[in-house]
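Fold and contact review
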Amino acid sequence: DDQIEQERVSQHLAGGCCALAAIYLMGKFYVANAGDSRAIIIRNGEIIPMSREFTPETERQRLQFLALLRPELLGKEFTHLEFPRRIQPKELGKKMLYRDQNMNGWAYKKIEEDDLKFPLIFGEGKKARMMATIGVTRGLGDHDLKVFSSNIHIKPFLSCFPEVRVYDLTQYEHCPDDVLVLGTDGLWDVTNDKEVAGVVMEVLTSYEPNDPCRYTMVAQELVVRSRGVLKERGWRLANDKLGSGDDISVFVIPLGGPGNYT
């Protein structure tokens, strides 16, 4: 992240990205995630999550706590409190549900002038945004990202530190159909874990266990199905829903099976 900050000046490069890494070391897989990509292990048909997405919703309490400690980061335009909806001036003095950085549930408070500011976190699901700008809260870069039409920097809220999960391969017997799947949000936006596992099993069973290209074909199939088919109304999935409009990158890594392929 520091290197990207330096290169944005020397190389005139802006922007940022998420990061998902898998490292095999001494019999263990270490999966590190900073962003909204995802990794799962499929072992004997069972799905084992190896990461979680970092979004304004999943990291609400961290973001609110930072805003509480450093209110100057909000530029006097945002409130760190969360409300079910945007508050109107006519609701001053009335009671409304809210929650802060210490709360999992909701409580009531009397609406004050400061509560009329735009919330730090707004929206739900994939539409959730931090300061109405970005929908992911960990990653690399974005040092120059600002709130639209303002001088408020987003970067202080974006963490470059990943969450790391460990999987010990020595604890289980793995067959050639056991895999680690790494995918960007373009895959997971339109495909859930169970559907991905279904495609994995479907494609793998159509190839011999010692055929090394079977894993590449699974990754290719996941990309193709998530993108969909171009029709008059845009890219469509098999169920006629919109295909993914985001980057779709997929790795499928075998966890076991024959060591020598022919």
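Predicted model, so just to flag it, every value in this text is computed and none were measured. (Residues numbered from 1 in each chain as written. Predicted model: local features only at pLDDT ≥ 70, side-chain atom pairs only at ≥ 80, totals over all residues. Heavy atoms only, no water.)

1. Comments concerning the UniProt feature "domain: PPM-type phosphatase" (unreviewed entry) in the chain
Look at the UniProt record and you will see "domain: PPM-type phosphatase" (unreviewed entry) annotated at residues 1-255. As annotated, residues 1-255 comprises 20% helix and 26% strand, and the C-alpha atoms at either end are separated by 30 Å. (UniProt positions renumbered as here; feature names shortened; annotations may be inferred. Helix = DSSP H or I, 4+ residues; strand = E, 2+ residues; numbered from the N terminus.)

2. Some points on the side chain of T79
By the secondary structure assignment, T79 is in strand β6 (residues 78-79). The buried category is assigned to T79, whose relative accessible area is 6%. Look past the residues within four positions of T79 in its chain and what remains in contact with it is L74, D114, D115, K117, F118, P119 and L120. (Buried < 20%, exposed > 50% of the residue type's maximum accessible area, 1.4 Å probe, protein only. Contact = heavy atoms within 4.5 Å.)

3. Describing the sheet that holds strand β13 (residues 163-168)
Taken in spatial order, the three strands of this open sheet run β2-β3-β13, and their pairing is antiparallel. Either end of the sheet is taken by a strand with one partner, and the two such strands are β2 (19-25) and β13. Ignoring which end each strand starts from, the neighbouring axes of this sheet average 15 degrees apart. Direction of pairing for β2 relative to strand β3 (residues 28-34): antiparallel, over a ladder of seven bridges. In the sheet register, A22 faces β3, and the bridge partner there is V31. (Pairing = 2+ DSSP bridges. Axes fitted to C-alpha atoms, helices over the stretch in contact; angles between N-to-C directions.)

4. Section: the layout of surface pockets
A volume near 550 Å³ is recorded for the largest pocket. As for the largest pocket, its lining consists of 26 residues, and the residues nearest its centre are C18, D36, S37, T184 and D185. For the lining of the largest pocket, the elements supplying multiple residues, two or more each, are β2, β14 (179-183), α3 (185-188) and β17 (250-254). A per-class count over the lining of the largest pocket returns nine nonpolar, seven polar and 10 charged. Residue-level mapping places the lining of the largest pocket at the junction of two domains, with at least three residues from each of domain 1 (1-54 + 162-254) and domain 2 (59-157). (1 Å grid on protein atoms, 1.4 Å probe; cavity = no way out; pocket = protein on both sides within 12 Å on 5 of 7 lines; lining within 4 Å. Points joined across faces, edges and corners; volume = space filled by probe spheres on them. Nonpolar A, V, L, I, M, F, W, Y, C, P; charged D, E, K, R; others polar. Domains from an automatic or database assignment.)

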